[in-house]
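Analysis of the macromolecular model
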Amino acid sequence: MDRLPYEKKRLSAKDIVLIGILSASITGGKMVLSAIPNVEIVTLLFMVYTAVFGLRRALFVSVIFSTTEILLWGVHTWLMTYYIIWPLLILLTAALSRFLKGEFSRAILAGAFGLTFGIYFALVEAMLYGLNYGFVYYVRGIPFDIIHGASNFIVVLMLFKPLERMLGRLARNYTENNGNAAD
């Protein structure tokens, strides 16, 4: 999949608009599924955005998404952890891109990310409140992590390729419709 060029130092106005739209789509997607515990499309969208729009834009989207979550829900330890885990997923997706060619390999990454999601939060809780609290926090969340991992696996397996194709076409139009789109 051809990625949009991102080697430049400054973002263009088009990039800023694109990043805003991508950030809003992740926030909206999360809100739509918020009634179903640990079933989300945030992981899927970050993986697709990294594959289609590149590392730099996806990292900007993760910062805006995490900040939006804090603005919506307030400052909590679990929201602050978003500044670590979403860029980590984006970096993993980019670093493993040569190995993540099929839907199944991407679904495995998404499933593993969902299964280990609670560990990241438990580590922060352990640093703030002690090891015992962090351990209990993690153990209490294991059923949710299992649901999260399984749902991530299924969602990415079913939707990654169609979204990548659709957004890839849109990305090509984004760069072709204006000669200075990559500025």
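Preceding this section is the structure that the text describes.
Throughout what follows, the structure given in this document is the object of discussion. It should be emphasised that the depicted structure is a prediction, and the values quoted were computed from it without experimental measurement. (Residues numbered from 1 in each chain as written. Predicted model: local features only at pLDDT ≥ 70, side-chain atom pairs only at ≥ 80, totals over all residues. Heavy atoms only, no water.)

Turning our eyes to something else, we now look at the nonpolar core. Nonpolar side chains in soluble globular proteins generally cluster together in the buried interior. Formed by 38 residues in total, the largest nonpolar core has its most connected members in Ile26, Phe46, Tyr49, Phe53, Tyr82 and Trp86. Those elements that provide at least two residues to this core are helix 1 (13-32), helix 2 (42-53), helix 3 (55-73), helix 5 (82-95), helix 6 (103-129) and helix 7 (131-176). Per-element accounting of this core gives the leading share, 10 residues, to helix 2. If we ignore the near neighbours within four places in the chain, the residues touching Trp86 are Glu40, Val42, Thr43, Phe46, Ser62, Phe65, Ser66, Phe113 and Phe117. (Core = buried A, V, L, I, M, F, W, Y, C linked by side-chain atoms within 4.5 Å. Buried < 20%, exposed > 50% of the residue type's maximum accessible area, 1.4 Å probe, protein only. Helix = DSSP H or I, 4+ residues; strand = E, 2+ residues; numbered from the N terminus. Contact = heavy atoms within 4.5 Å.)

This paragraph deals with the packing of aromatic side chains. Throughout the structure, instances matching the rule amount to 15 aromatic pairs. Both rings, one in Tyr82 and one in Phe121, keep their centres 6.3 Å apart while their planes meet at 65 degrees; by these two values the pair is edge-to-face. Of this pair, Tyr82 sits in helix 5 while Phe121 sits in helix 6, and the two are 39 residues apart along the sequence. Here Tyr82 and Phe121 have matching classes, each one buried. Where Tyr129 meets Tyr133, the ring centres are 5.2 Å apart and the plane angle is 70 degrees; that geometry is what we call edge-to-face. Relative accessible area serves as the criterion here: at 51%, Tyr129 is assigned to the exposed category. Its relative accessible area of 38% is what places Tyr133 among the partly exposed residues. Taken together, Phe46, Phe65, Tyr82, Trp86, Phe113, Phe117, Tyr120 and Phe121 form an aromatic cluster joined through their ring pairs. (Phe/Tyr/Trp six-rings, centres within 6.5 Å; stacked < 30°, edge-to-face > 60°.)

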